Amino acid sequence: MNNSVAVKRAAPNKAAVSKKKASQKRRRIFDAVWSNALTVILAILWLIPVIYVIIFSFSDQKFFIIPNGFLPTGYTFNNYISIFTQSDNVIKFTDWYVNTLILSLCNCVLVTFFTVITAFVLSRFRFKGRKFLMNVTMILGMFPGFMSMVAVFLILNLIGLIDSYWAMLLYWVAGAGLGYFVTKGYFDTISNDIDEAAKLDGASQARLFFQIYIPLAKPVIIYTALTAFMAPWADYILSSIVITSSANRTIGYGLYSLMTADHINTYFTRFCAASVVVALPIVVLYIALQRFFVAGISAGAVKG
Amino acid sequence: MGSSNVSTYRPSSFLEKIKYAFLKWKDVYQATDGLGKAGMIINLPLPGLGSALLGRLEKGLLAFLAYFAVVFLGVYVAIQKANGVALNEGSLAILYIVLLLAVVFMIASAFGASITKGAERVDDHKWHVESVFVRKNKAKSGFAAYVEDFRTTYRNTSKKHKVLLVLSFFVMGIPEFFFSQILKGLVFFGAQIGVFAYLIVKGAADIGILFALNVISSPNGALVNGLVALTLIAALIVAYVFHLKDILALVKATDEGKRQTFRGEMLSYINEKFPTLALMIPIIGAVAFTVLPILFMILTAFTNYSMKTVPGYENYNPLFQIPLKWTGFEAFGRLFADHSSLIDMVNVFGWTMVWATLATFSCYFGGMLLAMLLNKKAVKGKVIYRSIFVVAMALPQFVSLLVVRSMFDTHGIVNNILMELGIITSRIDFWQIGDVAKVLILLINMWVGIPYYMLLMSGLLLNIPKDLYEAADIEGASRWQKFKSITFPQIFYMTTPVLITSFVSNINNFNVIWFLTGGGTVSTISGTAGDTDILITWLYKMTFQAGGQPDYNLAAVVGIIMFIISATFSLVIFRRSKAYTAEEEYR
């Protein structure tokens, strides 16, 4: 990796060094060429589906089948206009989008709060039954989640929350305490000395949490918040079970319904346009926050 | 024996061995506390489970798994017999061997776990025990401590407090009022009234139905309603215990004049009692929406829960609506008796394991290599490249998966290109050819999964101490050697927990399979599983689709078996990993 260091330290005689340097230079150029080439190829591979979606979102047709060739026959903005203006009983894009956005904002705040506080307590306190709780949550996480969806449906029915997206929020917030894994791993890496010092100043545990640990754990909190924010956008199963009317769906289930055999012929390009609209803010968010994301997972996941 | 010193006793004859096994068990039982006793009792009918609960997780769970498998086989053969399938001598012999094995298991586990090797018998006929069941901290257990505490406090306290102490057994909340803890009193009192009211109006009947369970009127909710009522009772008991301890502590503190002010008590909840406050809502949530549903799922495996028991079915076919009933192990037997289901399960299980292994490792190593590539000095524009890969990660999964599915459609872009180039002459339906679909799924999963690992690994690569590489350079190590003996071991060591969790989540990876193939073609030989179905998609089909005939109970059986296998496997590895054993390392 760091060849120059090796050369500096070895340095036996000048002729050998210059010869070695020449061969190393050749190797380095070769190295630079293939690694740059490989990166470019990989980047293109990763971009193909993205570009495909973008191209088809501007297509003037309704479907992805193009008789001869690969590209749409003409380009237009109509798909974008129609998803925002048109709303029939198949596509209710604006409804779905608003539902999901509200859900993901609430989810982001509530789930992050409960996850982080659970992680903090499990990492910082030693109390009776702590290991037991950790083992139990570990085991609970391994059940195939949707197997219990029938029961979740029945329980929500008991409370009278069927066909409301607040039911989904309730379900996610209720499960927030089980997803503390990575966050706790991050808290585990924070040194104990800090809170010893703070305790001497007479700060309460709650104050310690809010004033010292939250700022310290910023990367992992951003990671947790981002994951929580993403959950409603990625969900399919829960929405398909809890929501019965089209207008209350979230985006994942709604857009999936456009891709079923009945609708794909007429809605494919609008699906693409909707996907672009959905993905754009999320992608921007991810790229802007990727620095924290890396710090959060690489410290948290390793210990967690 | 009989010597006055501690001596290791080795029974000589076979009979003596058995006799002392019982003695050992008895002695340990006496030596241990309440929880240990409970564990030992649980271990009798369910070998291994008791010791697992008390902390010997690996061995305990493995023993329980083996025992479960043995008993399961026995039950299966017995059911076959009951169904009138002729039993030849061979299968009878199997049955006997199985039962014998089960008994041996129970005895071995009950006695084996009660005492570890080298237990010594001390003169007073007590074993000097070192057992999982005798916990190190031998302070009096909760209940005994409470009784003793209560007795002394009661004897010494004033008359008014005596009344309150007795009252605390009968009513929650009222005694708290006398200590002017209005808020707590209200909460306790309200909870108590609420639960009792619910039980009287609805809950008690629900529990009755749950146990009898021969209902046709509203069988759909019968299981859940009963479970909800039982859970409420359990919660009330927890609150009751908490309340009893609390009142006793209050009386004691008042008598000793050390009672905290209201403010002080409230403050304790943001200090040493902070965990209670913070974990309350997460625990309630987890019980209501995770534990309860899982219990429900386990219960359905022992009933005839299917579409025919769900109300509304009578609209289609009133004659065939049947009441929901307990059926014991029938569904388990059916899974094994029904040839096509069994073939399905074996096939699906095999592909699930192959899928989970390949998907996990391909993304893991792919991400590692990509991170190393992007980490090179020679590669320019790292930020841009990284952002490109992040786009793939940030794209909602259903978008990328559905789009890729359309690309590989019979009329999709890939077929078009291949046709244009003359590579193929007729269009290929990629998703419906089992093996092609499987390869495609794995490749596309790499597309989805690698960026995440790339981000993770690029953080980790920076954490590897630079001097390791410098030392390697001085030694003249090749690049491969550096990877083999520095980069890989360092990263692998740090990421074992990630590997385990992602293996488990791949076993349960619904989205990739469902959005790409929907499970694939159902072959004619087997029953309901498609050729790319993994367990979770197969279960989803069985539960929610299955052409109007969902087999909830069969799905639950498969779910339970799968869960036991994957949970044991990953728990054992997890508990050996650094994340668990070296929790305090960084402090």
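Criteria and thresholds
- Residue positions are counted from 1 within each chain, in the order its sequence is given.
- Each chain gets a letter, beginning with A, and each ligand a number, beginning with 1, in the order they are written.
- This being a predicted model, a pLDDT of at least 70 is required before a residue's local features are given, and a value of 80 or more before pairs of side-chain atoms are given or counted; all residues contribute to the totals for chains, interfaces and linings.
- The basis for every side-chain value is the complete set of non-hydrogen atoms in the structure, without hydrogens or water.
- We count a stretch as a helix when DSSP gives it H or I for four or more residues in a row; a strand needs E for two or more, and each element gets its number in order from the N terminus.
- Buried means the residue's accessible area, taken with a 1.4 Å probe over protein chains only, is under 20% of the maximum for its type, while exposed means over 50%, and partly exposed covers the values in between.
- What makes two residues a contact is simply this: any of their non-hydrogen atoms within 4.5 Å.
- Residue burial considers only the protein chains on display, and all accessible areas are found by Shrake-Rupley using a 1.4 Å probe.
- Every case where a carboxyl oxygen of Asp or Glu lies within 4 Å of a side-chain nitrogen of Lys or Arg is listed as a salt bridge.
- Buried Ala, Val, Leu, Ile, Met, Phe, Trp, Tyr and Cys residues that are joined via side-chain atoms within 4.5 Å together make up what is termed a nonpolar core.
- Take the accessible area each of two parts loses on contact, using a 1.4 Å probe, and add the two losses: that sum is the buried area.
- The definition of a polar contact used here is a pair of N or O atoms within 3.5 Å, where within protein one atom must be able to donate a hydrogen and the other to accept one, and adjacent residues in sequence count solely through side-chain atom pairs.
- For Phe, Tyr and Trp, where Trp contributes only its six-membered ring, two rings pair if their centres lie within 6.5 Å, and the inter-plane angle classes them as stacked under 30 degrees, edge-to-face over 60, or tilted in between.
- Residues enter a patch when their relative accessible area is above 30% and they make no salt bridge; the linking distance is 9 Å between like charges and 5 Å between nonpolar side chains (Val, Leu, Ile, Met, Phe, Trp, Tyr).
- Expected span of a helix, by definition, is 1.5 Å for each gap between consecutive residues, and there is one gap fewer than residues.
- In this scheme, the bend at a residue equals the angle between the axes fitted to the seven residues that finish there and the seven that begin there.
- The predictor rates its confidence in each residue with pLDDT, a number between 0 and 100.
- The definition used for a disulfide is geometric: two cysteine sulfur atoms within 2.5 Å.
- In this description, a line fitted to the C-alpha atoms serves as the axis of each element, helices being fitted only across the stretch in contact, and the angle between N-to-C directions of two axes falls anywhere from 0 to 180 degrees.
- The labels follow the angle: roughly parallel below 35 degrees, roughly antiparallel above 145, roughly perpendicular from 65 to 115, and oblique for the rest.
- Three classes are used, and their members are as follows: Ala, Val, Leu, Ile, Met, Phe, Trp, Tyr, Cys and Pro are nonpolar, Asp, Glu, Lys and Arg are charged, and the others, Gly among them, are polar.

Once that is clear, we can look at the overall build of chain B. Secondary structure assignment for chain B yields 25 helices and 4 strands. The buried share among the 587 residues of chain B stands at 47%. Partitioning the contacts of chain B with sequence separation of at least 6, the portion at a separation of at least 24 is 63%. Summed over its atoms, the accessible surface of chain B is roughly 28,500 Å², and 68% of this surface lies on carbon and sulfur atoms.

Looking now at the overall build of chain A. When you go through chain A residue by residue, the secondary structure sums to 14 helices and 0 strands. A burial count over chain A gives 55% of its 304 residues as buried. Look at the contacts in chain A between residues 6 or more apart in sequence, and 72% of them connect residues 24 or more apart. Total accessible area on chain A is roughly 13,500 Å²; 67% of this is exposed by carbon and sulfur atoms.

On to the pattern of salt bridges, then. Residue and element names in this part refer to chain B. All told, the structure shown has 7 salt bridges over all chains when counted by the stated rule. Across the pair Asp-206 and Lys-202 runs a salt bridge, and its minimum N-O distance is 3.2 Å. Here Asp-206 and its partner Lys-202 are both found in helix α9 (residues 182–212), 4 residues apart, which amounts to about one turn of the helix. Relative accessible area serves as the criterion here: at 9%, Asp-206 is assigned to the buried category.

In this structure, Phe-93, Tyr-236, Ile-251 and Tyr-286 of chain A together with Phe-296, Trp-355 and Phe-408 of chain B are the most contacted members of the largest nonpolar core, which totals 176 residues. Looking at this core, the element that brings in the most residues is helix α14 (residues 264–303) of chain A, giving 17 residues. When residues no more than four places from it in sequence are discounted, the contact partners of Phe-408 of chain B are Val-414, Asn-415, Phe-430, Trp-431, Leu-440 and Ile-444 of chain B. In this structure, Trp-538, Met-542, Val-558 and Met-562 of chain B belong to the second largest nonpolar core, which totals 33 residues.

To continue, consider the interface of chain B and chain A. Contacts between chain B and chain A engage 111 residues on the former and 111 residues on the latter. Contact between chain B and chain A buries roughly 10,100 Å² in total, counting both sides, with carbon and sulfur atoms accounting for 74%. On the surface where chain B and chain A come into contact, there are 2 salt bridges. For the salt bridge of Lys-376 of chain B with Asp-31 of chain A, the shortest nitrogen-to-oxygen distance reads 3.1 Å. Run the count over chain B and chain A and you get 10 residue pairs in polar contact (both at pLDDT 80 or more).

To describe a pair of aromatic rings, you give the distance between the ring centres and the angle between the ring planes. Going through the model one piece at a time under the given rule, you end up with 41 aromatic pairs over all chains. Judged by centre distance (5.8 Å) and plane angle (70°), the rings of Phe-120 of chain A and Phe-187 of chain A are edge-to-face. Taken together, the residues Phe-120 of chain A in helix α4 (residues 93–124) and Phe-187 of chain A in helix α8 (residues 181–188) connect sequence positions 67 residues apart. Comparing Phe-120 of chain A with Phe-187 of chain A, the two get one shared label, buried. Ring geometry for Phe-361 of chain B and Phe-365 of chain B: centres 6.1 Å apart, planes at 20°, overall stacked.

Here we come to the environment of Ala-437 of chain B. Residue placement: Ala-437 of chain B occurs in helix α19 (residues 434–463). Between the alpha carbons of Ala-437 of chain B and Thr-517 of chain B there is a distance of 7.7 Å; along the sequence they are 80 residues apart.

Take a nonpolar patch on the surface next. Together, Val-40, Ile-41, Ile-44, Leu-45 and Ile-48 of chain A line one region of the surface with nonpolar side chains, adding up to about 430 Å² of accessible area. Along the polypeptide, Val-40 of chain A turns up in helix α2 (residues 14–57).

Residues and elements named next belong to chain B. Compared with the 45 Å implied by 1.5 Å per residue over 31 residues, the 42 Å span of α9 between its first and last C-alpha is a close match. Along α9, the sharpest kink reaches roughly 65°, centred on Ile-200. Regarding α9, the residues found buried are Lys-184, Gly-185, Phe-188, Gln-192, Val-195, Leu-199, Gly-203, Asp-206, Ile-207 and Leu-210. Residue Leu-213 follows α9 closely and has a positive phi angle near 50°.

Turning to unusual backbone geometry, a few remarks are in order. Here Asp-163 of chain A, not a glycine, exhibits a phi torsion of approximately 65°, which is positive. Structurally, Asp-163 of chain A is set in the loop between α6 (149–159) and α7 (165–174).

Here we take up the confidence of the model for chain A. On average, residues of chain A score 81 in pLDDT, and 89% of them are at 70 or above. Under a pLDDT of 50 for its full length, residues 1–11 of chain A has, in the predicted model, 12 contacts with residues more than four places off or in other chains.

Further remarks concern the confidence of the model for chain B. Residue and element names in this part refer to chain B. Put simply, chain B has an average pLDDT of 75, and 74% of its residues get 70 or more. Ranking the elements of chain B by mean pLDDT puts strand β1 (residues 120–121) last with 44 and α19 first with 87. Every residue in residues 1–7 scores below 50 in pLDDT, and together they form 11 contacts with partners more than four places removed in sequence or on other chains. In the model, residues 113–130 has pLDDT below 50 throughout and makes 53 contacts with residues more than four positions away in sequence or in other chains.

A few words on the environment of Ala-378 of chain B. Turning to its location among the elements, Ala-378 of chain B is positioned in the loop between α15 (339–375) and α16 (382–394). Beyond its immediate chain neighbours, meaning those up to four positions away, Ala-378 of chain B contacts Ala-32, Ser-35 and Asn-36 of chain A.

To continue, consider the state of the cysteines. Residue and element names in this part refer to chain A. The full count for this structure, using the stated rule, is 0 disulfides over all chains. Looking at the unpaired Cys-106, the closest cysteine sulfur is the one in Cys-108, lying at 9.8 Å. Since its relative accessible area comes to 25%, Cys-106 is described here as partly exposed.

Between two packed helices, both the angle of their axes relative to each other and the distance between the axes serve to describe the pair. All names here are of chain A. Relative to each other, helix α10 (residues 205–216) and helix α11 (residues 218–234) sit at 80°, their axes nearing to 5 Å. On the basis of the axis angle, α10 is roughly perpendicular to α11. Every residue of α11 that contacts α10 at Ile-214, Pro-215 and Leu-216 is listed here: Lys-218, Pro-219 and Ile-221. Residue composition of the contact of α10 with α11, grouped by class: 5 nonpolar, no polar and 1 charged.

Looking at the secondary structure, you find Asn-107 of chain A in helix α4. In contact with Asn-107 of chain A, not counting residues within four places along its chain, are Thr-112, Leu-169, Trp-172, Ala-228, Ala-231 and Pro-232 of chain A.

Bringing the packing of α4 of chain A against helix α13 (residues 251–258) of chain A into the picture now. Residues and elements named next belong to chain A. The interhelical angle for the contact between α4 and α13, taken along N-to-C directions, is 155°, at an axis separation of 8 Å. Taken together, the axes of α4 and α13 are roughly antiparallel relative to one another. Packed against α4, whose contacting residues are Phe-93, Trp-96, Tyr-97 and Thr-100, the element α13 presents Ile-251, Gly-254, Leu-255 and Ser-257 at the interface. Class assignment for the residues of the contact of α4 with α13 results in 5 nonpolar, 3 polar and no charged.

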